[in-house]
Amino acid sequence: MGGLISYSGISTKIRAMERWRISDAQFSQMAALESVPEAVRFLMKFPPYEEIFKGLEEKDLHRGMIEQQLNLTQYRDFAKLYKFANRKQRSFLGLYFMHYEIDILKTCLRNIVGNREQQQDLSLFNDFFNRHSKVDLERLAACRSIPEFIENMKESPYYGVLSALLAKGQATLPACETAMDMFYFKGMWKAKDKYLSGKERRVIESCFGTRMDMLNLQWIYRCKKYYKLSAGDIYAVIIPVSFHLTKADIRAMAEAESSEKVYGLIRSTWYGRLDEVKEGEEQGLNALSRELVDRIYQMTGRREPYSIAALNSYLYFKEREIERIITTIEQIRYGVATT
């Protein structure tokens, strides 16, 4: 009863926002279109996307601008839910927000490393980030080196892990990205015990625990296949938290002779009991990861609609929808057949 009362308002808001989620059939319709402007006009049938694409001219519809506008819809949805949230729910949303923040920070870092001018107009996000973040987007976008970037992160929660890399002379792009990802996942994992209890804690354990396990499986596989890293180097780049994977599982995979051996070892883990886990290459592992995580977020959202699961599931599938829109539009742009 407590959950029903606590979540009645925000759950109603979520259901209203879910009405405009793009269905599989509608994605198929969009994929059959012949040009990017047609795809954008199709998206504008949905109010969340009409708001952000209205007024854009055809010449503006390059990938950078489209991604920027789509990301803006995520932030707007987050802001709407934050407005309806109570104190407990806002604590969770504040932690979830780090995911958006890190994505923007990674974009700034990649532009620095590639010696590119900031392609995204981050001023569009200033109002949103000023409310929820301690980073100065415009200042970071103007940085021209990683040390300068880190120096301008002093007021942020990421400064500690990034400055430690800088002090060791290890502040490369991959190292900085990995450090921020680890900071996020470890923070979410610890916070669930502080802010949540009972069913809600188990929801986050299931969702984020599975995501961490699957990310570690993919990273170990890639380290073996593409970079031939030693076990010690692999331990340094994976998330030091696991859910269904045991320390023995991770050690065996990190010490495996090849990526093929890694995939074989996956079948001996908890995940090996799933029908989808079969011998295959990286594409099979990526598809398995996506399918499994999608299923868990969907299941928890349906089973516990008056809990943190509703927020967690909505935000995850909004992000998945944005990813799918970007992929579909790029396939249309380059004339790639969709399946």
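- Taking an unreviewed UniProt entry as the reference, the chain is identified by name as V-type ATPase subunit belonging to Candidatus Enterocloster excrementipullorum.

## Quick notes on the overall build of the chain
Moving on, step 1. Along its length, the chain carries 17 helices and zero strands.
Moving on, step 2. Taken against the 2.2 N^0.38 rule, which gives 20 Å for 339 residues, the C-alpha radius of gyration of the chain at 21 Å falls within 12% of a compact globule.
Moving on, step 3. In terms of its C-alpha atoms, the chain occupies a principal-axis envelope of roughly 55 × 50 × 45 Å.
Moving on, step 4. Of all 339 residues assigned to the chain, the portion counted as buried reaches 48%.
Moving on, step 5. The contacts in the chain between residues at least 6 apart in sequence include a share of 65% that link residues at least 24 apart.
Moving on, step 6. As displayed, the chain offers around 17200 Å² of accessible surface, 50% of which is attributable to carbon and sulfur atoms.
Moving on, step 7. Across the chain, 50 positive and 44 negative side-chain charges occur, with their mean positions spaced 6 Å apart.

## Here's the deal with the pattern of salt bridges
Moving on, step 1. In this structure the tally under the stated criterion is 21 salt bridges.
Moving on, step 2. A salt bridge links Lys-318 to Asp-77, with the shortest nitrogen-to-oxygen separation between them at 3.3 Å. One end of the pair, Lys-318, is in helix H17 (residues 308-333); the other, Asp-77, is in helix H5 (residues 63-84), with 241 residues separating them in the sequence.
Moving on, step 3. Among the residues examined, Lys-318 registers a relative accessible area of 7% and is labelled buried.
Moving on, step 4. Residue Asp-77 is classed as buried on the basis of its relative accessible area of 4%.
Moving on, step 5. Glu-291 is the partner of Arg-295 in a salt bridge, and the nearest nitrogen-oxygen pair spans 3.8 Å.

## Some thoughts on the nonpolar core
Within soluble globular proteins, side chains that are nonpolar tend to cluster in buried spots.
Moving on, step 1. Core analysis: the biggest nonpolar cluster contains 106 residues, and Tyr-49, Phe-149, Phe-208 and Ile-325 have the highest contact counts within it.
Moving on, step 2. Among all residues touching Phe-208, those that are not within four sequence positions of it are Tyr-96, Tyr-184, Phe-185, Met-188, Trp-189, Tyr-297 and Asn-312.

## Some details on H17
Moving on, step 1. Taking 1.5 Å as the rise per residue, H17 with 26 residues should run 38 Å; its terminal C-alpha atoms sit 38 Å apart, in good agreement.
Moving on, step 2. Within H17, 21 of the 26 residues are buried, leaving the element largely enclosed by the surrounding structure.
Moving on, step 3. Looking one or two residues beyond H17, the residue adopting positive phi is Gly-335, at roughly 65°.

## Observations concerning the state of the cysteines
Moving on, step 1. The tally for this structure, following the rule as stated, stands at zero disulfides.
Moving on, step 2. Cys-143 takes part in no disulfide bond, and the closest cysteine sulfur, belonging to Cys-108, lies 7.9 Å away.

## Examining the packing of aromatic side chains
Moving on, step 1. Within the structure shown, the criterion is met by 18 aromatic pairs.
Moving on, step 2. Between Tyr-184 and Phe-208, the aromatic rings sit 6.2 Å apart at their centres with planes inclined by 65°, giving edge-to-face as the arrangement. Linking Tyr-184 in helix H11 (residues 173-195) with Phe-208 in helix H12 (residues 198-227), this pair joins segments that are 24 residues apart in sequence.
Moving on, step 3. Ring geometry for Tyr-221 and Tyr-263: centres 6.4 Å apart, planes at 80°, overall edge-to-face. With Tyr-221 in helix H12 and Tyr-263 in helix H15 (residues 259-266), this pair connects stretches of sequence that are 42 residues apart.

## As for the side chain of Asp-294
Moving on, step 1. Positionally, Asp-294 belongs in helix H16 (residues 282-303).
Moving on, step 2. Its relative accessible area of 16% is what places Asp-294 among the buried residues.
Moving on, step 3. Residue contacts for Asp-294: discarding those within four places in its chain leaves Tyr-316, Phe-317 and Arg-320.

## Notes on the side chain of Glu-319
Moving on, step 1. Secondary-structure assignment places Glu-319 in helix H17.
Moving on, step 2. Here His-99 takes part through its side chain, which lies 2.8 Å from a polar atom of the side chain of Glu-319.

## Points about the packing of helix H2 (residues 24-31) against helix H3 (residues 36-43)
Moving on, step 1. In contact at an axis separation of 9 Å, H2 and H3 are set at 150° when each is read in the N-to-C sense. With respect to H3, the element H2 is oriented roughly antiparallel. Across the interface between the two elements, Gln-26, Gln-29 and Met-30 of H2 pack against Ala-39, Phe-42 and Leu-43 of H3.
Moving on, step 2. Each residue belonging to the contact of H2 with H3 can be placed in one class, and the counts come to four nonpolar, two polar and no charged.

## Concerning the packing of H5 against H17
Moving on, step 1. With their axes 11 Å apart at the nearest point, H5 and H17 run at an angle of 165° to one another. With respect to each other, H5 and H17 are oriented roughly antiparallel. In this structure, the crossing between H5 and H17 has a hand that is right-handed. Residues Arg-63, Ile-66, Glu-67, Leu-70, Asn-71, Thr-73, Gln-74, Asp-77, Phe-78 and Leu-81 of H5 form the contact with H17, whose own contacting residues are Leu-311, Tyr-314, Leu-315, Lys-318, Glu-319, Ile-322, Ile-325, Ile-326, Ile-329, Glu-330 and Arg-333.
Moving on, step 2. Tallied by class, the residues present in the contact of H5 with H17 amount to eleven nonpolar, three polar and seven charged.

Basis of the calculations
Residues numbered from 1 in each chain as written. Predicted model: local features only at pLDDT ≥ 70, side-chain atom pairs only at ≥ 80, totals over all residues. Heavy atoms only, no water. Helix = DSSP H or I, 4+ residues; strand = E, 2+ residues; numbered from the N terminus. Rg over C-alpha atoms; globule rule 2.2 N^0.38 Å. Buried < 20%, exposed > 50% of the residue type's maximum accessible area, 1.4 Å probe, protein only. Contact = heavy atoms within 4.5 Å. Areas by Shrake-Rupley, 256 points an atom, 1.4 Å probe, with all protein chains shown as cover. Lys, Arg positive; Asp, Glu negative; His and termini not counted. Charge placed at Lys NZ, Arg CZ, Asp CG, Glu CD. Salt bridge = Lys/Arg side-chain N within 4 Å of Asp/Glu carboxyl O. Core = buried A, V, L, I, M, F, W, Y, C linked by side-chain atoms within 4.5 Å. Expected span 1.5 Å × (residues − 1). Disulfide = S-S within 2.5 Å. Phe/Tyr/Trp six-rings, centres within 6.5 Å; stacked < 30°, edge-to-face > 60°. Polar contact = N/O pair within 3.5 Å; in protein donor to acceptor, adjacent residues only side chain to side chain. Axes fitted to C-alpha atoms, helices over the stretch in contact; angles between N-to-C directions. Parallel < 35°, antiparallel > 145°, perpendicular 65-115°, else oblique. Nonpolar A, V, L, I, M, F, W, Y, C, P; charged D, E, K, R; others polar. Left-handed = near helix turned anticlockwise from the far one by under 90°.

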